[in-house]
Number of protein chains: 4
Amino acid sequence: MTRILLTGFEAFGNTPVNPAESVVRSLDGTAINNAKIVGIVVPNNFFECIDVVRTAIEEVNPELVVMMGEYGGRATITVERIAQNFNDSTRYRLKDNRGVTLQGKPTVPGGPIAYHSTLPLRAIVKAMRSAGVPADISDTAATFCCNHLMYGILHYIATNDLDIRAGWIHLPHLPEVAALPENLGAPSMSRETAALGVRTGIESALQHPQDIDEPILSRLQI
Amino acid sequence: MTRILLTGFEAFGNTPVNPAESVVRSLDGTAINNAKIVGIVVPNNFFECIDVVRTAIEEVNPELVVMMGEYGGRATITVERIAQNFNDSTRYRLKDNRGVTLQGKPTVPGGPIAYHSTLPLRAIVKAMRSAGVPADISDTAATFCCNHLMYGILHYIATNDLDIRAGWIHLPHLPEVAALPENLGAPSMSRETAALGVRTGIESALQHPQDIDEPILSRLQI
Amino acid sequence: MTRILLTGFEAFGNTPVNPAESVVRSLDGTAINNAKIVGIVVPNNFFECIDVVRTAIEEVNPELVVMMGEYGGRATITVERIAQNFNDSTRYRLKDNRGVTLQGKPTVPGGPIAYHSTLPLRAIVKAMRSAGVPADISDTAATFCCNHLMYGILHYIATNDLDIRAGWIHLPHLPEVAALPENLGAPSMSRETAALGVRTGIESALQHPQDIDEPILSRLQI
Amino acid sequence: MTRILLTGFEAFGNTPVNPAESVVRSLDGTAINNAKIVGIVVPNNFFECIDVVRTAIEEVNPELVVMMGEYGGRATITVERIAQNFNDSTRYRLKDNRGVTLQGKPTVPGGPIAYHSTLPLRAIVKAMRSAGVPADISDTAATFCCNHLMYGILHYIATNDLDIRAGWIHLPHLPEVAALPENLGAPSMSRETAALGVRTGIESALQHPQDIDEPILSRLQI
């Protein structure tokens, strides 16, 4: 049976509940056609997060790895195209959950500048939108732990020549997090809508080993 | 038994589903403590909408009138403070559902420049946020049908000296509407989150004949 | 000779330079056709600011009063349509320059809910745009000192039956203010562009005793 | 004498004036300390633009190549960190000036996924901000001609092992472009402010062969 590894970061910084963790808990153990979703919650720590997901890949032996995190301020689900070999958390005044900050340090010294997601981005976004879930392709996963883990796992898969497709999905704040005073005016998405979007995206990824060749409109990222 | 009149606009323009209509259908007939919600869907037409809600007030005899519409582009529920005696739909390239556009015409010739909502705005927003629903007070309901109906009903209540509190709640796009190509990047809120927010807001309005005297942080509207 | 009173608030809060003050200094003493601009800088204090502008009106005897302030976060010049009889600075965590905060207090107890600007808003915005200056009509001046002063002066003019047209123009941050860490990502406008816009707006106001009857597109305010 | 090649795209799509072209014209021929700026305007066409800048590099023999384009919707100057080997203009409904659209095609088949700018990004942004010009580091140059040219030139420099530092600076709309109806509400920056920022950035790049190691706050890109 096909297995899908679905990972979601735990809470971090001033986000008391991470939508990625909520969606993992919601979809863990469910099936999409003949594929089973195995969900894990990942510690929001530089380098440790990569180890945790690598270990899970070895244990689960998935065909597909879909990693998730929260991207506060974005109004839609964003499917990331690219992860870069660069970390800077000081610019966002963020620390990981062990208090570590990085500024300018690569994830893999001497590694390639970047990896592209191997998920069918246009097909995923098209499917999410058709299901009524606002979504877009993004060309930056920022320079904190999400980009770090996405790079680390794509590098691991590439250097070990594994036959696994992998990529990243960012989720907006949950409503209760956007309702906090420090997030005044921030957009949000309910866990149900986010889970529907992610489930639909995974289904589309399973159906499309190659991406579709249709225009999928994008907002210019600012 | 206390009755609450809850009104929501129907679909209009390029919004195929109005969250206000969805919330009306969700809460119509439900009770909050000893108060019963009577919900009606209102045609999105200048002047006719005022007649429809006036008639409903005469029939329902409510203590509280909570009117709702959609405000595309806003990320949170916004509780409106003020309605002005001024209509301009041409500036938004919008028409009402009969094709009528107004530019600079007052709702009530010779009427007061504006009315303030008589709902306890701070108490409502505080309650919504405590329930995990992003919300804020707004100082503009724009110059289309929402502001028009809000003004019309507050004027009707004032000039007839009715003992009814009334005001306006704006809802973000539903997710499936934000997922349309023409709304690329727009924030959204699920009908469940919106309905929870509105229900919580009504509950708070019932509990607070006078508004609370606490600071409720607001975003500067842009 | 026609005189125009142009007022601009001084620095306040975390704005070390107010674009309104810059534009006053730039245009004070200049002439537009046969009209002369008399500029004054106004203290950013509740009630005192109204007294200062009232006194200036008595001294200058202007035909036109154009008041200005800064609206951080807005990308364009905004010409305000309406001022309301309501103050709340606590919601923005703002104090005036004497440390005073107001929450829910009216500017004029028992006064009308609101006044409309008596400037030709559409004509002004059209002229600014034609001159290459981004501009729009706004339906909220927020609830801090700008709205307060705008209300106070429109009330003074109305209750004294003065033959003076008056209104408010909001300016974005100056670039050097948007470049401060606390304003990360905020839009800005140079003093030259802002001054050109205001000068053009005044010229248009002089030419149009009545507003033009053309659609002027607006962004929905969020 | 040190030479700096400064390139700026011409007008494209619905941008009748490109701020990048304006800044090239403003700084071409000027000197910064002992370095002379040679400015060229680049045709906004896929692949041709790379040829044009390559030829200019061969002719000018610069130590530094600073390429510029317009990024409508951004409020500040953004200095790009990364260019990717991927083009998609259909997602933005954009064509180059010859009417060409690309969807998913790489700039260099088989080339690396991405290149990092070799400019000192933090030093540049710090200097711009100190000069009063709003600026930030960006992690996406989108997937139209700017990213394409940035990738093409960094690839050319890398594969030819040239001792040239190079990177990209994005500029907001000019005010007169933001004032057009199709850009309603868009932020802008005057040519003078943009030119000051670019000049200051180049000066900083000359002073810092290596980037500074200080936190430079960034907005999370949405």
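Residues numbered from 1 in each chain as written. Chains lettered and ligands numbered in written order. Predicted model: local features only at pLDDT ≥ 70, side-chain atom pairs only at ≥ 80, totals over all residues. Heavy atoms only, no water.

### Here we look at the overall build of chain A
Consideration 1: A tally of regular secondary structure across chain A gives 6 helices and 11 strands.
Consideration 2: Taken against the 2.2 N^0.38 rule, which gives 17 Å for 222 residues, the C-alpha radius of gyration of chain A at 16 Å falls within 12% of a compact globule.
Consideration 3: C-alpha extents for chain A along the principal axes are approximately 40 × 40 × 35 Å.
Consideration 4: Counting only residues that meet the buried cut, chain A has 64% of its 222 residues in that class.
Consideration 5: Carbon and sulfur atoms make up 48% of the accessible area of chain A, which amounts to about 7600 Å² in all.
Consideration 6: Here chain A contributes 18 positive and 23 negative side-chain charges, whose respective centroids are spaced 3 Å apart. (Helix = DSSP H or I, 4+ residues; strand = E, 2+ residues; numbered from the N terminus. Rg over C-alpha atoms; globule rule 2.2 N^0.38 Å. Buried < 20%, exposed > 50% of the residue type's maximum accessible area, 1.4 Å probe, protein only. Areas by Shrake-Rupley, 256 points an atom, 1.4 Å probe, with all protein chains shown as cover. Lys, Arg positive; Asp, Glu negative; His and termini not counted. Charge placed at Lys NZ, Arg CZ, Asp CG, Glu CD.)

### So, the interface of chain D and chain A
Consideration 1: Between chain D and chain A, the contact holds 36 residues from the first and 36 residues from the second.
Consideration 2: Taken over both partners, the interface formed by chain D and chain A buries close to 3300 Å², and the fraction arising from carbon and sulfur atoms is 53%.
Consideration 3: Summed over the three residues of chain D that lose the most area to chain A, namely Arg91, Gln103 and Ile222 of chain D, the buried surface amounts to 23% of that side.
Consideration 4: Run the count over chain D and chain A and you get 4 salt bridges.
Consideration 5: A salt bridge links Arg91 of chain A to Asp139 of chain D, with the nearest nitrogen and oxygen atoms 2.8 Å apart.
Consideration 6: Looking at the side of chain D that touches chain A, the elements with two or more residues in it are strand S6 (82–84), strand S8 (103–105) and strand S9 (114–116) of chain D. (Contact = heavy atoms within 4.5 Å. Buried area = accessible area lost by both parts, 1.4 Å probe. Salt bridge = Lys/Arg side-chain N within 4 Å of Asp/Glu carboxyl O.)

### Observations concerning the UniProt feature "active site" (unreviewed entry) in chain A
Residue and element names in this part refer to chain A.
Consideration 1: Within this numbering scheme, the UniProt entry marks Glu80, Cys146 and His170 as carrying the feature "active site" (unreviewed entry). These annotated residues cover 91 residues of sequence, and their C-alpha atoms lie no more than 10.1 Å from one another, placing them together at a single site.
Consideration 2: Along the chain, Cys146 falls in helix H4 (residues 145–159).
Consideration 3: Inspection of the secondary structure assignment puts His170 in strand S11 (residues 165–171). (UniProt positions renumbered as here; feature names shortened; annotations may be inferred.)

### Details of the sheet that holds strand S4 (residues 64–70) of chain C
Residues and elements named next belong to chain C.
Consideration 1: Sheet architecture is open: 7 strands sit in the order S2-S3-S1-S4-S11-S5-S10, paired in mixed fashion. The open sheet has two edge strands, strand S2 (31–32) and strand S10 (135–138), and neither has a second partner.
Consideration 2: Of the pairings in the sheet, the one linking strand S1 (residues 2–9) to strand S3 (residues 35–42) comprises 8 bridges and is parallel in character. Across the sheet, the residue bridging to Phe9 is Val42, located in S3.
Consideration 3: Each of S1, S3, S4 and strand S11 (165–171) touches helix H1 (residues 19–27); the most contacted strand, S1, lies at about 150° to it. (Pairing = 2+ DSSP bridges. Axes fitted to C-alpha atoms, helices over the stretch in contact; angles between N-to-C directions.)

### Description of the pattern of salt bridges
Consideration 1: Counted under the stated rule, the structure contains 36 salt bridges over all chains.
Consideration 2: Its salt-bridge partner being Arg191 of chain D, residue Glu176 of chain D comes within 3.1 Å of it at the nearest N-O pair. With Glu176 of chain D in helix H5 (residues 175–178) and Arg191 of chain D in helix H6 (residues 191–207), this residue pair connects regions lying 15 residues apart in the sequence.
Consideration 3: Overall, the relative accessible area of 26% leaves Glu176 of chain D in the partly exposed class.
Consideration 4: Three or more residues are tied together by salt bridges with common partners; here these are Arg81 and Asp139 of chain A together with Arg91 of chain D.

### Notes on helix H4 (residues 145–159) of chain D
Residues and elements named next belong to chain D.
Consideration 1: Over its 15 residues, H4 extends 21 Å from the first C-alpha to the last, a length consistent with the 21 Å expected when each residue adds 1.5 Å.
Consideration 2: Most of H4 is tucked away, with 13 of its 15 residues classed as buried.
Consideration 3: Of the residues one or two after H4, Asp161 is the one with positive phi, at around 55°. (Expected span 1.5 Å × (residues − 1).)

### Side note on the sheet that holds strand S4 (residues 64–70) of chain D
All names here are of chain D.
Consideration 1: Reading across from one edge, S2-S3-S1-S4-S11-S5-S10 is the order of the 7 strands in this open sheet, with mixed pairing throughout. The two strands at the open ends of the sheet, each matched to only one other strand, are strand S2 (31–32) and strand S10 (135–138).
Consideration 2: Strand direction decides the pairing type here: strand S1 (residues 2–9) and S4, joined by 5 bridges, are parallel. Along S4, the bridge assignment pairs Thr7 with Met67.
Consideration 3: Set on the sheet, helix H2 (residues 48–60) makes contact with S1, strand S3 (35–42) and S4; between it and S1 the angle comes to about 165°.
Consideration 4: Together, strand S5 (77–80), S10 and strand S11 (165–171) form the strand contacts of helix H3 (residues 121–130), whose direction differs from that of S10 by roughly 160°.

### As for the interface of chain A and chain B
Consideration 1: In this complex, chain A contributes 22 residues to the contact, which on the side of chain B involves 21 residues.
Consideration 2: Both sides together, the interface formed by chain A and chain B hides about 1600 Å², and carbon and sulfur atoms give 69% of it.
Consideration 3: It is Pro134, Ala179 and Leu184 of chain A that lose the most area in chain A upon contact with chain B, and together they represent 29% of the buried surface on that side.
Consideration 4: Summed over the shared surface of chain A and chain B, the number is 2 residue pairs in polar contact (both at pLDDT 80 or more).
Consideration 5: Of the residues forming the side of chain A that touches chain B, the biggest block, 3 residues, is contributed by helix H5 (residues 175–178) of chain A.
Consideration 6: When the residues that make up the side of chain A that touches chain B are grouped by side-chain class, the tally is 11 nonpolar, 7 polar and 4 charged. (Polar contact = N/O pair within 3.5 Å; in protein donor to acceptor, adjacent residues only side chain to side chain. Nonpolar A, V, L, I, M, F, W, Y, C, P; charged D, E, K, R; others polar.)

### Considerations on the packing of aromatic side chains
Consideration 1: Evaluation of the coordinates by the stated rule reveals 16 aromatic pairs over all chains.
Consideration 2: Pairing Phe12 of chain A with Phe144 of chain A gives two aromatic rings, centres 5.8 Å apart and planes at 50°, and the pair type is tilted. A residue pair is termed long-range when its members are at least 10 positions apart, and Phe12 of chain A in the loop between strand S1 (2–9) and helix H1 (19–27) and Phe144 of chain A in the loop between strand S10 (135–138) and H4 qualify at 132 residues.
Consideration 3: Given a relative accessible area of 12%, Phe12 of chain A falls into the buried group.
Consideration 4: With relative accessibility at 7%, the residue Phe144 of chain A sits in the buried group.
Consideration 5: Ring geometry for Phe46 of chain A against Phe144 of chain A: centres 5.7 Å apart, planes inclined by 90°, an arrangement best described as edge-to-face. Taken together, the residues span a long stretch of sequence, with Phe46 of chain A in the loop between strand S3 (35–42) and helix H2 (48–60) and Phe144 of chain A in the loop between S10 and H4 at a distance of 98 residues. Each of the two residues, Phe46 of chain A as well as Phe144 of chain A, counts as buried.
Consideration 6: Each member of the aromatic cluster is reached from another via a ring pair, and the members are Phe12, Phe46 and Phe144 of chain A.
Consideration 7: Positioned above the aromatic ring of Tyr71 of chain D is the side chain of Arg74 of chain D, whose terminal nitrogen or guanidinium carbon lies 3.5 Å from the ring centre. (Phe/Tyr/Trp six-rings, centres within 6.5 Å; stacked < 30°, edge-to-face > 60°. Lys NZ or Arg CZ within 6 Å of the ring centre and 35° of its normal.)

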